[in-house]
Amino acid sequence: MPVPLLDLKAQHAAIREAVLAAMLPVVDDQAFILGKPVSELEADVAKLSGTKFAVGCANGTDALLLALRALEIGRNDEVITTPFTFFATAGTIHNAGATPVFVDIDPRTYNIRPDLAAAAVTSRTKAVMPVDLFGQIAPIEEIRRLMPRTPLIEDAAQSIGARRSIDCEWRMAGEVATIGTFSFFPSKNLGGYGDGGMMVTQDEALYNRLMRLRTHGSVKTYFHEEVGYNSRLDALQAAVLKAKLPYLAKWSAKRRENAAFYNAAFADIGDIVTPYVEPASESIFNQYTIRVPRRDKFREHLTARGIGHSVYYPLPLHLQPCFAYLGYKAGACPESEKAANEVVSLPVFPELTRAQLDEVVAAVRAFFGR
Ligand SMILES: Cc1ncc(COP(=O)(O)O)c(C=O)c1O
């Protein structure tokens, strides 16, 4: 039995009526840009994230770009980030006119190392941009402790709903950052029926700035305080996401359950490194990512058995051709480079059946002769 990496049709089948019912009033109203569905979703996401404000935008990439612009980051500025992430993290730093400064990851969590971030600070550093990779929040309290005056843009594109215990209190993805950003790309743990993104913040001035930046820098129609962007969240997407949001906690729990199932099933195979979640952290397992030796052979084996899988990410950003101008050489971020050669992500979506989980486990075990 083939098992896909992700089965959005299975999710849609379970919530079809609720989502279509939420979309219909928007279609009937013929009011597609911003409006009530967007402000309602913003209120819901702010509540979930423990923040005072949320601003919807066109996608998770724009959320990062608008955050950088709201913090006035541009030419001659540096932003410290991780190279082991999706391209948008550093692509937006470049597109804001600033320079990405890459520091290596913790090989257990794949998230940025705060000590290396702090060591990379120069007089040009204007922000640090940690990524909550695969569903686990980066050690933001440690980054804050080491760099208390540096604005923190938390790229939580993969991690809405994740929690981290800070000073014995649970904090949500985006809550502690200067600005936190989310992506509602359809394959994300909270995905729309198209592109979508959101920024959250506790700061009212930043909120106002983000609101302005997403509509061409204008508060009053046809009057522009600054040059912004056309980066709005569609009302239809907001309606879909608002209808899906009540299911998110249940889906995240199911993802954790699936991850625990795999962890137990692979525990006796010394060659597999299963995901490490810090004790003070609760991942939402946007991805279930393991490390294996002979990864290419392992992938061929999974493909032959019909098991969906993917490599996030095969080439760290500091070695991407487009960033050659920054001068990084192989070996600059050794843990990111090692991870890029060893990781592979397996199906972990909430609707996986027991039979599908068993199929994945059997295929993985067979590769190791079990
Ligand atoms: C870590 C990270 N940052 C940013 C993004 C960009 O989000 P979007 O695809 O919505 O622009 C993604 C999405 O893949 C991501 O995984």
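Before reading further, recall that the structure is shown in the block above.
Criteria and cut-off values
- Along each chain, the written sequence defines residue order, and numbers are assigned to residues from 1.
- Restriction of local features to residues with pLDDT of at least 70 applies here, the model being predicted, together with a cutoff of 80 or more for giving and counting side-chain atom pairs; totals for whole chains, interfaces and linings are based on all residues.
- The side-chain numbers reported here are obtained from all heavy atoms of the structure, hydrogens and water having been left aside.
- Categorising residues by exposure relies on relative accessible area from a 1.4 Å probe, with only protein chains included: less than 20% of the type maximum marks a residue as buried, more than 50% marks it as exposed, and the intermediate range marks it as partly exposed.
- Numbering of helices and strands starts at the N terminus; helices are DSSP runs of H or I of at least 4 residues and strands are runs of E of at least 2.
- The definition of a right-handed crossover adopted here requires that, viewed with the strands pointing away, the path from the first strand over the helix to the second runs clockwise.
- For two strands to be treated as a pair, DSSP must find at least two bridges joining them.
- Here a helix's expected span is defined as the number of its residues, less one, multiplied by 1.5 Å.
- In this context, the arc is that of the directions from the helix axis out to the C-beta atoms.
- Should any heavy atoms of two residues lie within 4.5 Å, those residues are considered in contact.
- Here a residue counts as near a molecule or strand whenever at least one of its heavy atoms sits within 4 Å of it.
- For the purposes of these results, a polar contact is taken to be a pair of N or O atoms within 3.5 Å, where, inside protein, one atom must be able to donate a hydrogen and its partner to accept one; residues adjacent in sequence count only when each atom of the pair is a side-chain atom.
- Shrake-Rupley sampling with a 1.4 Å probe provides the accessible areas, and residues are treated as covered by the protein chains on show and by no other component.
- Three residue categories are used. Nonpolar comprises Ala, Val, Leu, Ile, Met, Phe, Trp, Tyr, Cys and Pro, charged comprises Asp, Glu, Lys and Arg, and polar comprises the others, including Gly.
- Lines fitted to the C-alpha atoms define the axes, with helices restricted to the stretch that makes contact. Angles between their N-to-C directions range from 0 to 180 degrees.

Trainee: What am I meant to see in the pairing of strand E2 (residues 78–81) here?
Mentor: Looking along a regular strand, one sees side chains alternate from face to face of the sheet. Burial of E2 is two-sided: the residues Glu78 and Ile80 facing one way and the residues Val79 and Thr81 facing the other way are all buried. Of the crossover connections in this fold, the one passing from E2 over helix H4 (residues 88–95) to the parallel strand E3 (residues 99–102) is right-handed. Strand direction decides the pairing type here: E2 and strand E4 (residues 125–129), joined by four bridges, are parallel. Residue pairing across strands places Ile80 opposite Val128, the latter belonging to E4.

Trainee: Got a minute to help me understand helix H2 (residues 36–49) in this structure?
Mentor: Structural remark: α-helix, 3.6 residues per turn; residues separated by three or four positions point the same way. Along its 14 residues, H2 runs 20 Å from first to last C-alpha, staying within 8% of the 20 Å computed at 1.5 Å per residue. When H2 is considered as a whole, its buried residues turn out to be Pro37, Val38, Leu41, Glu42, Val45, Ala46 and Ser49. For H2, the buried positions fall inside an angular range of 165° around the axis, keeping them on one side. Exposed side chains of H2 directed beyond 90 degrees from the buried face belong to Lys36 and Lys47. Of the surrounding secondary structure, the elements contacted by the buried residues of H2 are helix H1 (8–29), strand E1 (53–57), strand E7 (169–172), strand E8 (179–183), strand E9 (197–201) and helix H8 (235–244). Backbone geometry just downstream of H2 places Gly50 in the positive-phi region, at approximately 70°.

Trainee: I tried to follow the site of the ligand on my own but got confused; where do I start?
Mentor: Not every one of the 15 residues close to the ligand is listed here, only the nearest: Gly60, Thr61, Asp155, Ser183 and Lys188. Residue Gly60 places a main-chain N or O atom 2.7 Å away from an oxygen atom belonging to the ligand. Separating an oxygen atom of the ligand from a side-chain N or O atom of Lys188 is a distance of 2.6 Å. Starting from 390 Å² of accessible surface for the ligand in isolation, the protein chains cover 92%. Among the elements of the structure, helix H3 (60–70) and H4 are those that each provide at least two residues to the shell around the ligand. It is H3 that contributes the most residues to the shell around the ligand, three residues altogether. Taken together, the residues that form the shell around the ligand break down as six nonpolar, seven polar and two charged.

Trainee: Can you help me understand the sheet that holds E3 in this one?
Mentor: The strands making up a sheet associate through backbone hydrogen bonding, with each pair oriented either parallel or antiparallel. Taken in spatial order, the three strands make up an open sheet running E3-E2-E4, and their pairing is parallel. Single-partner strands in this sheet number two, and they are E3 and E4. This sheet shows a mean twist of 30° between the axes of neighbouring strands, independent of strand direction. Each of E2, E3 and E4 touches H4; the most contacted strand, E3, lies at about 145° to it.

Trainee: How do you make sense of the sheet that holds E1 when you look at a structure like this?
Mentor: Overall, mixed pairing links the four strands, which are arranged E1-E9-E8-E5 in an open sheet. In this open sheet, the two edge strands, each paired with only one partner strand, are E1 and strand E5 (153–155). Recorded for the sheet is a direction-independent mean angle of 20° between the axes of neighbouring strands. Taken together, the three bridges between E5 and E8 define a ladder with parallel strand orientation. What sits directly across from Glu154, in E8, is Gly180. Together, E1, E8 and E9 form the strand contacts of helix H7 (residues 204–213), whose direction differs from that of E1 by roughly 15°.

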